[in-house]
Amino acid sequence: MIMSDNIKFSVSSSPHITSGNSTRRIMLDVVIALIPAMIAAVLLYGFYSLFLIALSVGSCVLAEFLFNKIKKEETTVGDCSAVVSGVILALNLPPAVPFYVPIFGGFFAMMIVKMLFGGLGRNFANPAITARIFLMLAWTGIMTKFVKPIDLSKGFSEMFSYFKFAFTTNGMDVVTGATPLSYIKAGAFEHIDLTDMFLGRIGGSMGEVSALALLIGGAYLVVRKVIDWKIPAIYIGSVALFTLAFKGNIDYVLPSLLGGGLIFGAFFMATDYATSPNTPIGVVVYALGLGLLTTLFRIYGSMDEGVSFAILIMNILVPLIDKFIIRRPFGYVPKKRERKPKKIKEETK
Amino acid sequence: MIKTFRRGIHPSSNKLTSDSSLTIFPTPRIVRIPISQHIGAPAEIKVNIGDAVLAGSLLAEAKGFVSANIYSSVSGTVKKFESIVNAQGNSVMHVVIENDGKYDAVNFEPLDKDASKEEIVARIRLAGIVGMGGATFPTHVKLSPSKPVDTLIINGAECEPYITCDHRIMLERGEEFVEGVAILKTALGVERAFIGIETNKKDAIEYLSNIAKERGIEIVPLRPKYPQGAEKQLIYAVTKRKVPAGGLPMDVGVVVDNVHTAYSVFRAVRLGEPLYMRAMTVSGHGVENGGNFLVRNGVSYREIFEHTKGNKKEEDLIKVISGGPMMGFAVSSLDASTTKGTSSILFATKEDVKTEKITACINCARCVGACPMGVMPMYVERSVDIGDIKGAVKYGANNCIECGSCAYVCPAKRPLVTSCRLAKKLAREKGVK
């Protein structure tokens, strides 16, 4: 037997080639897809938005890094998933929150929701959306104060004007209680301008207001096959259908789709891999559930908005969906059930 | 609409050698012929050291029904018997023959056109013909189905990247190949025969369509996708029949054979030549003069590398792969010999293959979306990792055909095929179904 002492080739199992894709590439694609929404935030609310995004991303990355260090494990920040969570969290915040809000949010999202459950791919719910809900419960006042977009006609210095809210929200010229969704709830359609809603000239979280920017980013994700197009399509479509069914008035439909972070949630948060089902049928069930819950919360709930809670609840239901809906193998033959017709007959006699 | 199957992947085809015509590979002075070149029992050695043999002399006889005869590929003298690690990593007995360089051959009596079904199958069995796409399942077993069969499909998909030898056979030995298909049709007693060819081989489709039509054989163009050549996927693409999970092609009345197998059947039946030589693609960025060669069995990989390397160096090779990059075996050394199943040898450098770091599963379910067999590889891996074999089987592990589509698309580079393979092995050992 020739015992080759010249074994020097790599002898791993097939396949020997892989696609060029990687986790990092996917995460960077999501960041790229969020750029239009970030640009919209800066144009609408000035450079303070950029500052908040930076704080949020910084604290998310730092939180994950510290967690790795505490656990004495290999650092995982290189996969860029913390950056994605940071950007999404920031865009979920009202445009002029104090600086400490994204820091608390970032640490909560990474430490509690993501890393404690095992890190990337293991989180039970979307970190950004869970952090948003946490922040809403912790600072309800701040988190529901939506400042008006800046007025650039007053000069370029307006771009920096919202830095004055870094420590306090006092003196804010707010649109509180007058977001499009609250108008919808009140049936006050005369206050709703669909063009403003489409472009983002409305009150709302800094990243969710501009439907246009979000749709550009969403289209990029679909084209790059980063996300499953079925989730946003079915989610947004079912909100339209359910709204029409519950309200019976077509006027409600378009404003409902454009407002309240639906497009943001549908493309960027409901599609989180770890918290969406892994089968095509599961995805349909999940997206329909999202649409139904969102509509129910909006119409019958006490809050104007329902996307965050709908996503959180459906996230938690995903393991259940994945447990009951699994893929059938190619050429699946159903097992014949053992029938007991005789016994039944005897009993009936 | 050009036919294909569901799901699957699109690896870059890298057919570097598709224009290189078949040339005879110069056989070295020593050949080492393994006695197991097929799935099933190894053949039993029938020669002694010092015996003079001719090309086509029986070296080892099939042991049982699922086994195949092994013939000498050269004329010369039997020198010794030696156990060598083959391409699959198993120690196999090899018959070492000193080649006298004369290539004197001994053939069987050719069968004529009106040979019966039974005569043909007996001849194919005698000639030691096995599936030459790489699986090396004895062909005579396939030709003796225990269920009624109405369709023959010839696999000309050649969906593995790099490999081009079937393409070249279709182009350069088209008449003989189609004759081989007609013989297989007779052997099976079927009316319908299809040759499935991916549309990236347009020249072969065009060239063969007229020849095949005369013989009542239909060419089916297929949309290029991997793994089109996998038996169940090919059957679905061509006939829309679904082989039941755990079943065989004959359950839906189909037998599938490879292009090269059909060509070898022609040689065995019409020329009386046993199988001891085959067309083979030598490719990859580790060699300069790769191409498609007719190689006698028992040539060492080292000889093939030395002959084709040009100015390339052995140190630059990362992997040497027997077969294609998706399903082939990475060999540990160049001592392995070519066999009936060696469709390709890929000398791979860093331009061809990469060793990538495995990271955490991100639950993206791309593997689920790619798997042509409906397996859920991510869950199979998780189940196997915690020793839950029942769980692995529930998620379809036993249906895995090891095509590698899941691991190919995985952004975290997880070894999903290895997990499925392990799950299947453990399920077999523990009797979990």
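These numbers were taken from a predicted model, which means no experiment stands behind them. Every chain's residues receive numbers from 1 upward, in the order its sequence appears when written. Going through the entries in the order they are written, you letter the chains from A and number the ligands from 1. For a predicted model such as this one, the threshold for reporting local features is a pLDDT of at least 70, and the threshold for listing and counting side-chain atom pairs is 80 or more; totals across whole chains, interfaces and linings nevertheless cover every residue. Only hydrogens and water are set aside when side-chain values are computed; all heavy atoms of the structure are taken into account.

### Structural notes on the overall build of chain A
1) Next: A run of DSSP states H or I qualifies as a helix once it reaches four residues; a run of E qualifies as a strand once it reaches two. Both are numbered from the N-terminal end. Of regular secondary structure, chain A possesses 15 helices and 0 strands.
2) Next: Residue exposure (1.4 Å probe, protein chains only): buried if accessible area is under 20% of the type maximum, exposed if over 50%, otherwise partly exposed. In chain A, which comprises 349 residues, the proportion classed as buried is 53%.
3) Next: For this analysis, residues touch if any pair of their heavy atoms sits within 4.5 Å. In chain A, once contacts between residues fewer than 6 apart in sequence are set aside, the share between residues at least 24 apart is 76%.
4) Next: Computed by Shrake-Rupley with a 1.4 Å probe, the accessible areas treat only the displayed protein chains as cover when residues are assessed. If you sum the accessible surface of chain A, you get close to 16300 Å²; carbon and sulfur atoms cover 66% of it.

### Focus: the overall build of chain B
1) Next: Regarding its fold elements, chain B presents 13 helices and 17 strands.
2) Next: All radius of gyration figures rest on C-alpha atoms, and the globule criterion is 2.2 Å times the number of residues raised to 0.38. Relative to the 2.2 N^0.38 estimate, which gives 22 Å for 433 residues, the radius of gyration of chain B is 21 Å and therefore close to what a compact globule would have.
3) Next: Over its C-alpha atoms, taken along the principal directions, chain B stretches across nearly 60 × 50 × 45 Å.
4) Next: Nonlocal contacts in chain B, meaning residues at least 24 apart in sequence, comprise 72% of its contacts between residues at least 6 apart.
5) Next: For chain B, the computed accessible surface area is about 16600 Å², with 51% contributed by carbon and sulfur atoms.

### Some thoughts on helix 14 (residues 307-324) of chain A
1) Next: One fewer than the residue count of a helix, multiplied by 1.5 Å, yields its expected span. Taking 1.5 Å per residue, 18 residues should reach 26 Å; helix 14 of chain A reaches 25 Å between its end C-alpha atoms and fits that length.
2) Next: Maximum bend of helix 14 of chain A: about 40 degrees, positioned at Leu-317 of chain A, with proline Pro-319 of chain A one to four residues after it.
3) Next: Residues of helix 14 of chain A that are buried include every one of Val-307, Ser-308, Ala-310, Ile-311, Leu-312, Met-314, Asn-315, Val-318, Ile-321 and Asp-322 of chain A, and no others.
4) Next: Close packing links the buried residues of helix 14 of chain A with helix 5 (127-138), helix 10 (230-247), helix 12 (262-269) and helix 13 (280-300) of chain A together with helix 10 (377-385) of chain B. Given a residue, its bend is the angle between the two axes fitted to the seven residues that end at it and to the seven that start from it.

### Side note on the nonpolar core
One broad trend across soluble globular proteins is that nonpolar side chains are buried collectively.
1) Next: Take the buried Ala, Val, Leu, Ile, Met, Phe, Trp, Tyr and Cys residues and link them wherever side-chain atoms come within 4.5 Å; each set so joined is a nonpolar core. If you look at the biggest cluster of nonpolar residues, it comprises 94 residues, and the most contacted ones within it are Leu-34, Leu-91, Tyr-235 and Phe-268 of chain A.
2) Next: A total of 12 residues in this core trace back to one element, the largest contributor, which is helix 1 (residues 23-45) of chain A.
3) Next: In this structure, Leu-91 of chain A is in contact with Leu-34, Ala-37, Met-38, Ile-53, Ser-205, Met-206, Gly-207, Glu-208 and Phe-264 of chain A, ignoring residues within four places of it in sequence.
4) Next: Counting residues in hydrophobic clusters, the runner-up holds 47 residues, among them Ile-120, Ile-129, Val-178 and Phe-266 of chain B.

### Focus on the sheet that holds strand 5 (residues 58-61) of chain B
Residues and elements named next belong to chain B.
1) Next: Overall, antiparallel pairing links the 3 strands, which are arranged 3-5-6 in an open sheet. Of all the strands in the sheet, the pair left with one neighbour each is strand 3 (44-45) and strand 6 (70-71).
2) Next: Here the rule is simple: two strands pair whenever DSSP picks up at least two bridges between them. Relative to strand 6, strand 5 runs antiparallel, the two being bridged by 2 bridges. The partner of Leu-58 across the bridge, within strand 6, is Tyr-71.

### Thoughts on the side chain of Thr-17 of chain B
Residue and element names in this part refer to chain B.
1) Next: Locating Thr-17 in the fold gives a position in the segment before strand 1 (23-24).
2) Next: What makes Thr-17 buried here is its relative accessible area of 5%.
3) Next: Counted as a polar contact is a pair of N or O atoms within 3.5 Å, where, for protein atoms, one must be capable of donating a hydrogen and the other of accepting one, and residues adjacent in sequence contribute only when both atoms are in side chains. A distance of 2.6 Å separates polar atoms of two side chains, one belonging to Thr-17 and the other to Thr-164.

### Concerning the pairing of strand 11 (residues 218-222) of chain B
Residues and elements named next belong to chain B.
1) Next: Where strand 10 (residues 192-198) and strand 11 come together, 5 bridges link them in parallel fashion. By the bridge assignment for strand 11, Glu-198 is matched with Leu-222.
2) Next: Call a crossover right-handed when, viewed with both strands pointing away from you, the route from the first strand across the helix to the second goes clockwise. As for the winding sense of the linkage, the β-α-β connection from strand 10 through helix 5 (residues 202-214) to strand 11 is right-handed.

### Some points on unusual backbone geometry
For residues other than glycine, phi is negative in most cases, and the peptide bonds are mostly trans.
1) Next: Residues Ser-14 of chain A and Pro-15 of chain A are joined by a peptide bond in cis, for which omega reads -5 degrees.
2) Next: Here Pro-15 of chain A is to be found in the segment before helix 1.
3) Next: Going from Tyr-226 of chain B to Pro-227 of chain B, the amide bond is cis rather than trans, its omega being -5 degrees.
4) Next: Locating Pro-227 of chain B in the fold gives a position in the loop between strand 11 and helix 6 (231-239).
5) Next: Although it is not a glycine, Tyr-103 of chain B adopts a positive phi angle of roughly 55 degrees.
6) Next: Within the secondary structure layout, Tyr-103 of chain B lies in the loop between strand 8 (91-99) and helix 1 (117-126).
7) Next: Judged by its relative accessible area of 28%, Tyr-103 of chain B falls in the partly exposed class.
8) Next: Residues other than glycine seldom take positive phi values, yet Thr-136 of chain B does so here, at roughly 55 degrees.
9) Next: Structurally, the position occupied by Thr-136 of chain B is in the loop between helix 1 and helix 2 (139-142).
10) Next: In this structure Thr-136 of chain B comes out as buried when scored by relative accessible area, which is 9%.

### Observations regarding the interface of chain A and chain B
1) Next: On the side of chain B, 71 residues touch chain A, which itself brings 42 residues to the contact.
2) Next: The buried area of a pairing is the accessible area, by a 1.4 Å probe, that goes missing from both parts when the two are put together, added over both. When chain A packs against chain B, close to 4500 Å² is buried across both sides, 54% of that on carbon and sulfur atoms.
3) Next: Together, Phe-9, Arg-327 and Phe-330 of chain A form the three largest contributors to the area buried by chain A at its contact with chain B, with a combined 20%.
4) Next: Salt bridge, as applied in this entry: a Lys or Arg side-chain nitrogen positioned within 4 Å of an Asp or Glu carboxyl oxygen. Note that Lys-357 of chain B is salt-bridged to Glu-74 of chain A, the shortest N-O span being 2.9 Å.
5) Next: Between the two partners, chain A and chain B, sit 22 residue pairs in polar contact (both at pLDDT 80 or more).

### Quick word on the sheet that holds strand 9 (residues 151-156) of chain B
Residues and elements named next belong to chain B.
1) Next: With parallel pairing, 4 strands are arranged side by side in an open sheet as 11-10-9-12. The sheet is open, and its two edges are formed by strand 11 and strand 12 (254-258), each paired on a single side. Across the sheet, the axes of successive neighbouring strands diverge by a mean angle of 25 degrees, strand direction being ignored.
2) Next: The strands touched by helix 4 (residues 174-188) within the sheet are strand 9, strand 10 and strand 12, with strand 9 carrying the most contacts at an inclination of about 150 degrees. Lines fitted to C-alpha atoms define the axes here, with helix axes fitted over just the stretch in contact, and angles between the N-to-C directions of these axes take values from 0 to 180 degrees.

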